[in-house]
Amino acid sequence: MTVLWIAALILFSAMMACTLQKRQRMDLKTTCCKACLEAFNQSPVAVGPEGARCGSFTTAQALNKTCSDYFMTNVVMVGDCQ
């Protein structure tokens, strides 16, 4: 009985950790999308939001390291953030 209880506790903990990580990724996307939109609005890029990839266009307002890293591993277009 104790082994089953421990296994259930481990499974529950793993599920909670996964949920927390997903929520943190969604919060990071929201925060970084906001920064991307602000940067895009100050950028001289000559394409629309659907053609501009967050983190890859020239802008006077640089993204912070956290968002730069996020956009290096996640392809997000400015249009996806609107």
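Please read these numbers as outputs of a predicted model, since none were measured by experiment.

The rules behind these values
Residues numbered from 1 in each chain as written. Predicted model: local features only at pLDDT ≥ 70, side-chain atom pairs only at ≥ 80, totals over all residues. Heavy atoms only, no water. Helix = DSSP H or I, 4+ residues; strand = E, 2+ residues; numbered from the N terminus. Buried < 20%, exposed > 50% of the residue type's maximum accessible area, 1.4 Å probe, protein only. Areas by Shrake-Rupley, 256 points an atom, 1.4 Å probe, with all protein chains shown as cover. Phe/Tyr/Trp six-rings, centres within 6.5 Å; stacked < 30°, edge-to-face > 60°. Core = buried A, V, L, I, M, F, W, Y, C linked by side-chain atoms within 4.5 Å. Disulfide = S-S within 2.5 Å. Salt bridge = Lys/Arg side-chain N within 4 Å of Asp/Glu carboxyl O.

Examining the overall build of the protein chain
Right, on to step 1. What the protein chain contains, in helices and strands, is three helices and zero strands.
Right, on to step 2. Evaluated residue by residue, the protein chain yields a buried proportion of 22% over its 82 residues.
Right, on to step 3. Counting only carbon and sulfur atoms, one obtains 63% of the accessible surface of the protein chain, whose full area is about 6,100 Å².

A word on the packing of aromatic side chains
Right, on to step 1. Scanning all chains against the criterion turns up two aromatic pairs.
Right, on to step 2. Taking the centre distance of 5.6 Å and the plane angle of 80° together, the rings of F40 and F57 count as edge-to-face. Of this pair, F40 sits in helix 1 (residues 2-41) while F57 sits in the loop between helix 1 and helix 2 (65-73), and the two are 17 residues apart along the sequence. There is no split in this pair, since F40 and F57 are both buried.
Right, on to step 3. Here Y70 and F71 contribute two aromatic rings whose centre-to-centre distance is 5.4 Å and whose plane-to-plane angle is 70°, an arrangement assigned as edge-to-face.
Right, on to step 4. By relative accessible area, Y70 is classed as buried at 11%.
Right, on to step 5. The class for F71 is buried, based on a relative accessible area of 2%.

Digging into the nonpolar core
Right, on to step 1. In this structure, C36, C54, F57, L63, F71, V76 and V78 are the most contacted members of the largest nonpolar core, which totals 16 residues.
Right, on to step 2. Those elements that place two or more of their residues in this core are helix 1, helix 2 and helix 3 (78-81).
Right, on to step 3. The element best represented in this core is helix 1, accounting for six residues.

Overview of the state of the cysteines
Right, on to step 1. One pass over the structure, following the stated rule, counts three disulfides.
Right, on to step 2. Bridging C32 to C67, the disulfide has an S-S length of 2.2 Å. In this structure the cystine formed by C32 and C67 twists about its S-S bond by roughly -90°; its chirality is therefore left-handed. Placement of C32 in helix 1 and of C67 in helix 2 is noted, with a sequence separation of 35 residues between them.

Re the pattern of salt bridges
Right, on to step 1. According to the stated counting rule, one finds one salt bridge in the structure shown.
Right, on to step 2. Among the salt bridges present, the one from K65 reaches D69, with a minimum N-O distance of 2.9 Å. A residue pair is termed a helical-turn pair when its members lie 3 or 4 positions apart in one helix, as K65 and D69 do in helix 2 at four residues.
Right, on to step 3. What makes K65 exposed here is its relative accessible area of 61%.
Right, on to step 4. On the accessibility criterion, D69 (34% relative accessible area) is partly exposed.

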